[in-house]
Amino acid sequence: MFSVMVVLWCFAWRALKRDFSIPALRRLFITIAVIFLCYGIAMEFVQRYFVINRSFDMGDIIADAIGCAAGLIFSTRRYIKKIDPCRNRGSQPKLTAYEKIDCFYNKKNYKSITQIYCH
């Protein structure tokens with residue numbers, strides 16, 4: 001449940017704010033996961049002190065933490081686009097397998113590849 005909540009909130013923030021930098025977006029996703037982990041811990045204490053016939057369970061906190069971590073990992077890999085050599089977020093075409101092999105055999109360095117494909 002917590003992984004789904006983290007993924008949905010990360011998706012919502014990513015969809016609403018497109019002008020985040022990659023590090024800022026990672027910090028935001030980590031903050032969302034920590035907030036939901038704190039929510040899970042708080043609910044355990046509410047169950048312990050305020051709800052009759054419910055108990056505090058450390059296993060639930062561990063399960064919540066694992067769910068938040070899984071949601072964070074999925075969101076980071078899914079919603080944060082990798083930056084290509086041109087410093088674009090997926091808008092430029094990627095090198096084909098043939099071009100990669102050609103660069104390898106002709107000993108072209110990474111800088112020359114970025115000069116060719118980045119206008």
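Cut-offs applied
- Residues numbered from 1 in each chain as written.
- Predicted model: local features only at pLDDT ≥ 70, side-chain atom pairs only at ≥ 80, totals over all residues.
- Heavy atoms only, no water.
- Helix = DSSP H or I, 4+ residues; strand = E, 2+ residues; numbered from the N terminus.
- Buried < 20%, exposed > 50% of the residue type's maximum accessible area, 1.4 Å probe, protein only.
- Contact = heavy atoms within 4.5 Å.
- Areas by Shrake-Rupley, 256 points an atom, 1.4 Å probe, with all protein chains shown as cover.
- Core = buried A, V, L, I, M, F, W, Y, C linked by side-chain atoms within 4.5 Å.

Digging into the overall build of the chain
The number of helices and strands found in the chain is five helices and zero strands. The N-to-C order of helical and strand elements in the chain reads α-α-α-α-α. A burial count over the chain gives 26% of its 119 residues as buried. Put simply, of all contacts in the chain between residues at least 6 apart along the chain, 64% involve residues at least 24 apart. Accessible surface, the chain as shown: approximately 8,800 Å² in total, 65% of it carbon and sulfur.

Focus on unusual backbone geometry
Positive phi values are uncommon outside glycine, yet Asn-53 reaches one of about 65 degrees. Position of Asn-53 relative to the elements: it lies in the loop between α2 (22-49) and α3 (58-79).

A word on the nonpolar core
Core analysis: the largest hydrophobic core is formed by 15 residues, its most contacted members being Val-6, Cys-10, Phe-29, Ile-32, Phe-36 and Cys-68. Secondary-structure elements contributing two or more residues to this core are α1 (2-16), α2 and α3. If one sorts the elements of this core by residue count, α2 sits on top with seven residues. Ile-32 has contacts with Val-6, Trp-9, Cys-10 and Trp-13, leaving out every residue within four places of it along the chain.

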